[in-house]
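An overview of the molecular structure
If you want the building blocks of each chain, they are given just below.
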Amino acid sequence: MIKPDGLSGNYTDRIKNLISDSGFTICKERIIQLDEESVMSFYAEHSSRSFFGSLVKYMTSGPVLLMILEKENAVADWRALIGPTDASKAKVTHPHSIRALCGLDSEKNCVHGSDSPQSAQREISFFFEEKISGRIVPKH
Ligand code: CMP
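Criteria and thresholds
Residues numbered from 1 in each chain as written. Predicted model: local features only at pLDDT ≥ 70, side-chain atom pairs only at ≥ 80, totals over all residues. Helix = DSSP H or I, 4+ residues; strand = E, 2+ residues; numbered from the N terminus. Buried ≥ 20, exposed ≤ 12 C-beta atoms within 10 Å, placed from the backbone. Contact = placed C-beta atoms within 7 Å. Near = placed C-beta within 6 Å. Nonpolar A, V, L, I, M, F, W, Y, C, P; charged D, E, K, R; others polar. UniProt positions renumbered as here; feature names shortened; annotations may be inferred. Pairing = 2+ DSSP bridges.

Naming follows an unreviewed UniProt entry, where the protein appears as Nucleoside diphosphate kinase of Ziziphus jujuba.

In structure tokens form, the structure reads like this:
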């Protein structure tokens, strides 16, 4: 997922180039403006964290680009390509990562990646099988 700061910062083309240069195929994609309910459900595992309210606000601040990426070892390789959660640290420790390129801090980190094949399955079905509420943003 390219998060609202990634889309509004015009990083989409650069991120897509990194995706294809790294051997991923984009099987499906859609842009959607998530609503609070969808974000709260998607990030339910973080609901007790102090940053949850702020995370919901951030993730509803603009549209996101959802993608299904395909590749051998895709989950681990995508996590490696995006770098650590805290983008400010990524800039130091993983300067070539996507979060180093376009993220800001531990919240506004520009992209998301599933953390296991099981969560990839859940997240793909959550976003691509009409289980979310929100507004589909047409592509230009
Ligand atoms: P993501 O990898 O999508 O998964 C959970 C998200 O919660 C994470 O990216 C960040 O956007 C946010 N997050 C994680 N840790 C923190 C934190 N310590 N402070 C604020 N936001 C966080």
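Topic: the overall build of the protein
Counting its regular elements, the protein contains eight helices and three strands. If you list the helices and strands of the protein from N to C, you get α-α-β-α-α-β-α-α-α-α-β. Taken over the C-alpha atoms alone, the protein extends approximately 35 × 30 × 30 Å along its principal axes. The buried share among the 140 residues of the protein stands at 27%. Taking the contacts inside the protein whose residues are at least 6 apart along the sequence as the reference set, 64% of them involve residues at least 24 apart.

Structural notes on the site of the ligand
Near the ligand, the surroundings consist of Y43, H46, F51, L55, T85, S106, E107, N109 and H112. Class assignment of the residues belonging to the shell around the ligand gives a composition of three nonpolar, five polar and one charged.

Examining the UniProt feature "binding site: ATP" (unreviewed entry) in the protein
Listed under "binding site: ATP" (unreviewed entry) in the UniProt record, and renumbered for this structure, are K3, F51, R79, T85, R99 and N109. Summarising the element assignment, K3 is placed in the segment before α1 (4-8). Overall, the presence of 25 C-beta atoms within 10 Å leaves K3 in the buried class. Once residues within four sequence positions are removed from consideration, K3 is found in contact with M59, V64, C110, V111 and H112. Among the residues examined, R79 registers 15 C-beta atoms within 10 Å and is labelled partly exposed.

Things to note about unusual backbone geometry
Phi at N10 is positive, roughly 60 degrees, even though this residue is not glycine. Looking at the element boundaries, N10 is found in the loop between α1 and α2 (12-21). In this structure N10 comes out as exposed when scored by C-beta crowding, with 9 C-beta atoms within 10 Å. In this structure, N73 takes a positive phi of about 60 degrees despite not being glycine. Relative to the elements of secondary structure, N73 occurs in the loop between β2 (64-70) and α5 (74-82). In this structure N73 comes out as exposed when scored by C-beta crowding, with 10 C-beta atoms within 10 Å.

Details of the UniProt feature "active site" (unreviewed entry) in the protein
The residues that UniProt annotates with the feature "active site" (unreviewed entry) are H112. Overall, H112 belongs to the partly exposed group, with 19 C-beta atoms counted inside 10 Å.

Let's talk about the environment of I15
By secondary structure assignment, the location of I15 is in helix α2. In the structure, I15 is positioned 87 residues away from C102 in sequence and 9.2 Å away in space, judged by C-alpha atoms. The contact partners of I15, leaving out residues within four places of it in the chain, are I2, G6, I98 and V111.

So, the environment of I82
In this fold, I82 is placed in helix α5. Expressed as a C-alpha distance, the spacing of I82 and L55, which sit 27 residues apart in the sequence, is 18 Å.

Concerning the pairing of β2
With respect to burial, β2 is a largely interior element, five of its seven residues being buried. Here strand β1 (residues 25-34) pairs with β2 via seven bridges, running antiparallel. From the neighbouring strand, E29 faces β2, where its bridge partner is M67.

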